[in-house]
Amino acid sequence: MYAALPHIFRLPLHSPLQKIKVPAFEEKAVELYIKRDDLLHPFVSGNKWRKLKYNLLEAAESGKNRLLTFGGAYSNHLLATAAAAAACGMSSTGLVRGDEQVNNHQLFLCRSFGMELHFIPREIYRNQKEALAEEYGGPGTCILPEGGSNAMAVKGCAEVLEETDATYHHILLAAGTGGTTAGIALGASIHMPAARVHAIAALKGADFLRSDIEKLAPGLHNWELHTRFHRGGYAHYDPSLLQLIQDFASGTGILLDQVYTAKMFAASLQLLQEAYFKPGEKVLLLHTGGLCGYLSLAGQ
Ligand SMILES: *Cc1c(COP(=O)(O)O)cnc(C)c1O
């Protein structure tokens, strides 16, 4: 076995926070900043790094040597888990939704990090996660939920705002399962009590996320969930969203992905037009990473 020591979650990594110039924001005299969690790691990307940190530290502490988790064939969480396991000297197993033997670039990367993949019929995947964990788990295995959202993920995400002394009026981020939102809202309640957290749902019909977020971070009133920016559904996008990614990339040097972060940025422009943000206020975008998903559009 090779090993990188200390592993990535023991390195003191902080992501940069940059001011960016976007004409629509400048016209309204609203300051725009971006927290670059996409730069934490190319594959344990963005919020997945935050969500895995304490899960992996705890797994190592309790002598686990294998991670088992669940995800769709394009899941950033699967890839992050595969890369994180390898970086911590553990093996990994991914249970993939759908029994077609897919070999897309995301799963290619998972395999490159040594992840063992099993394709699970949708019906079973949906209803029998516990039985699957039993079947594919075993001694020394740490089981992570789909999307990685649990109490330790919330703890990791809550640290994002500890890395800045400045204060912001609004914080925007993309939401899938809501685990990151719960952590950011918790962190904001402690470190930035005047800030309002805006979670932009990447999926359609996401009202159920409110109670999921409330369960992970109970009793907070500093966040709201916006459910109208999904563009047709999870992983749906249109030419105008791709144009927005190109404009943002060529204007700032920062790439966004079409599944999560571009929808969050598009939402910020719309909320700006609707005067959610007042002149002189500071808005912070959280770049949650996920750029492998964007790269997969190349050559399509
Ligand atoms: C997974 C992911 C999210 C969603 O995070 P949740 O904690 O599930 O809400 C947001 N952005 C990116 C880039 C992701 O990969």
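Scroll up to find the structure.
Residues numbered from 1 in each chain as written. Predicted model: local features only at pLDDT ≥ 70, side-chain atom pairs only at ≥ 80, totals over all residues. Heavy atoms only, no water.

Describing the nonpolar core
One broad trend across soluble globular proteins is that nonpolar side chains are buried collectively. Here is the rule we go by: By nonpolar core is meant a set of buried Ala, Val, Leu, Ile, Met, Phe, Trp, Tyr and Cys residues that side-chain atoms within 4.5 Å join together. Between buried and exposed lies partly exposed: a residue is buried under 20% and exposed over 50% of the maximum accessible area for its type, with that area taken using a 1.4 Å probe on protein chains only. Helix and strand labels come from DSSP, where a helix needs a run of H or I of at least four residues and a strand needs a run of E of at least two; each type is numbered from the N terminus. We call two residues in contact when some of their heavy atoms are within 4.5 Å.
Phe25, Phe265 and Leu285 are the most contacted members of the largest nonpolar core, which has 33 residues in total. Of all the elements in the fold, those that place two or more residues in this core are helix 1 (23-27), strand 2 (31-36), strand 7 (170-175), helix 10 (239-252), helix 11 (261-273) and strand 10 (282-287). Element by element, the count of residues in this core is highest for helix 11, at 8 residues. Phe25 has contacts with Val30, Leu32, Ser268, Leu269, Leu272, Phe277 and Val283, leaving out every residue within four places of it along the chain.

With respect to the pairing of strand 9 (residues 223-226)
Our working definition: Any two strands with at least two DSSP bridges between them are considered paired. Handedness rule for crossovers: strands pointing away from the viewer, path from the first strand over the helix to the second running clockwise, crossover right-handed.
Here strand 8 (residues 196-201) runs beside strand 9; their pairing, made up of 4 bridges, is parallel. For Ala199, the partnering residue across the bridge sits in strand 9 and is Leu225. Between strand 8 and its parallel partner strand 9, the chain crosses via helix 9 (residues 209-216), and the hand of that crossover is right-handed.

Let's talk about the sheet that holds strand 8
What counts is decided by this rule: Inter-axis angles, ranging from 0 to 180 degrees, are taken between N-to-C directions of lines fitted to C-alpha atoms, where helices are fitted over the stretch in contact.
Pairing in this open sheet of 6 strands is mixed, and the strands run 1-2-10-7-8-9 from one edge to the other. With partners counted over all chains shown, the strands left at the sheet margins are strand 1 (17-20) and strand 9, one partner each. Each strand axis lies, on average, 25 degrees off the axis of its neighbour in the sheet, ignoring direction.

A short note on helix 8 (residues 179-191)
Convention followed: Take the residue count of a helix, subtract one, and multiply by 1.5 Å to get its expected span.
The first and last C-alpha atoms of helix 8 sit 18 Å apart over 13 residues, in line with the 18 Å expected at 1.5 Å per residue. Of all the residues in helix 8, the buried ones are Gly179, Thr180, Thr181, Ala182, Gly183, Ile184, Ala185, Gly187 and Ala188.

Here's the deal with the sheet that holds strand 5 (residues 116-120)
Two strands in a sheet stick together by hydrogen bonds in their backbones, pointing the same way (parallel) or opposite ways (antiparallel). The 4 strands lie next to each other as 5-4-3-6, forming an open sheet whose pairing is parallel. Among the strands making up the open sheet, the edge pair consists of strand 5 and strand 6 (141-143). Ignoring strand direction, the axes of neighbouring strands in this sheet form an average angle of 20 degrees. Bridging between strand 3 (residues 66-71) and strand 6 involves 3 bridges; their strand directions are parallel. Within strand 6, the residue paired with Arg66 across the bridge is Thr141. Across the sheet, helix 4 (residues 105-112) touches strand 4 (91-97) and strand 5, and the angle it forms with strand 5 is around 140 degrees.

Quick look at the site of the ligand
Put simply, the test is: One heavy atom within 4 Å of a molecule or strand makes the whole residue count as near it. We call two N or O atoms a polar contact when they sit within 3.5 Å, provided that within protein one can donate a hydrogen and the other can accept it, with sequence-adjacent residues counted only if both atoms are side-chain atoms. Residues were grouped as follows: Ala, Val, Leu, Ile, Met, Phe, Trp, Tyr, Cys and Pro as nonpolar; Asp, Glu, Lys and Arg as charged; and all remaining residues, including Gly, as polar.
Neighbouring the ligand are 15 residues; Lys48, Lys51, Gly176, Thr177 and Thr180 lie closest to it. At 2.8 Å from an oxygen atom of the ligand is found a side-chain nitrogen or oxygen belonging to Asn76. In this structure, Gly176 approaches the ligand through a main-chain N or O atom, which is 2.7 Å from an oxygen atom. Secondary-structure elements contributing two or more residues to the shell around the ligand are helix 2 (47-61), strand 7 and helix 8. Element by element, the count of residues in the shell around the ligand is highest for helix 2, at 3 residues. Of the residues that constitute the shell around the ligand, the class distribution is 3 nonpolar, 10 polar and 2 charged.

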